[in-house]
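The primary structure of each chain is shown beneath.
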Amino acid sequence: MKEKKIKMVVRALSVKEPWASLIYSGEKTIETRKWKTDYRGSILICVSRNPKNPLSGLAICDVTLIDCRPMTEDDEQFAKCEIYDGAYSWVLKDIKKIIPFPIKGKLGLFKLDDHYFQQIRWYPTIHRDFCEKCKGLLKITWIEKNIYRTTCGDCDYKCDFDLNL
Ligand SMILES: [Zn+2]
């Protein structure tokens with residue numbers, strides 16, 4: 001596997017569902033808050049705790065915060081929510097999926113403890129590959145813990161794998 005140079009993840013943010021999953025899937029590129037930050041750079045997105053949600057309490061992806069400004073109506077489609085009083089748009093770029101791991105969230109944009117930083121493993125691009133049956137492009141989705149599933153976009157091929165094995 002080729003060594004990839006990665007940017008340091010230094011901050012983390014707890015996000016409620018369904019917003020966290022929408023950031024993860026790339027559909028939501030603006031997060032909104034009632035407060036602004038001067039910080040720019042890498043942010044680890046964590047799913048807020050909720051007993052009903054299987055992703056609860058997990059860090060799921062890394063994004064780059066490139067801008068933070070008052071929200072406008074044009075932002076609604078990217079934020080997946082309506083504009084509200086005092087809203088700031090946090091403009092996110094370069095979503096990088098990670099292998100989810102449990103994390104204890106804090107309020108605000110919190111500094112990542114070193115032992116969490118050590119746990120960050122980037123989503124395995126090595127498996128984003130071609131189908132062995134039809135050479136179609138495979139898609140990879142996370143199932144649970146270390147279990148991932150690859151499915152072919154063009155035929156019925158699918159395969160689950162455990163990253164720990
Ligand atoms: Zn196929």
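That block above? That's the structure.
In short, a report on the structure. The model shown is predicted, which means the values in this text are computed figures rather than measured ones.

### Concerning the environment of glycine 86
Of note, glycine 86 is situated in the loop between helix 2 (76-79) and strand 5 (88-102). A C-alpha to C-alpha distance of 5.5 Å links glycine 86 and lysine 34, two positions 52 residues apart in sequence.

### Regarding the sheet that holds strand 6 (residues 109-111)
Judged by pairing direction, the sheet is mixed, and its six strands sit side by side in the order 2-5-4-3-1-6 without closing on themselves. Single-partner strands in this sheet number two, and they are strand 2 (30-33) and strand 6. Averaged over neighbouring strand pairs, the angle between their axes works out to 40° when direction is ignored. In terms of strand pairing, strand 2 meets strand 5 through four bridges, oriented antiparallel. Bridge pairing in strand 5 links arginine 33 to tyrosine 88.

### Quick look at the environment of threonine 37
Inspection of the secondary structure assignment puts threonine 37 in the loop between strand 2 and strand 3 (41-47). In this structure the C-alpha to C-alpha distance between threonine 37 and tyrosine 88, which are 51 residues apart in sequence, comes to 9.3 Å. For threonine 37, the contacting residues outside a window of four places in its chain are Cys68 and Leu109.

Thresholds, definitions, all that
- Residues numbered from 1 in each chain as written.
- Predicted model: local features only at pLDDT ≥ 70, side-chain atom pairs only at ≥ 80, totals over all residues.
- Helix = DSSP H or I, 4+ residues; strand = E, 2+ residues; numbered from the N terminus.
- Pairing = 2+ DSSP bridges.
- Axes fitted to C-alpha atoms, helices over the stretch in contact; angles between N-to-C directions.
- Contact = placed C-beta atoms within 7 Å.

Any functional reading would require information that these geometric values do not contain.
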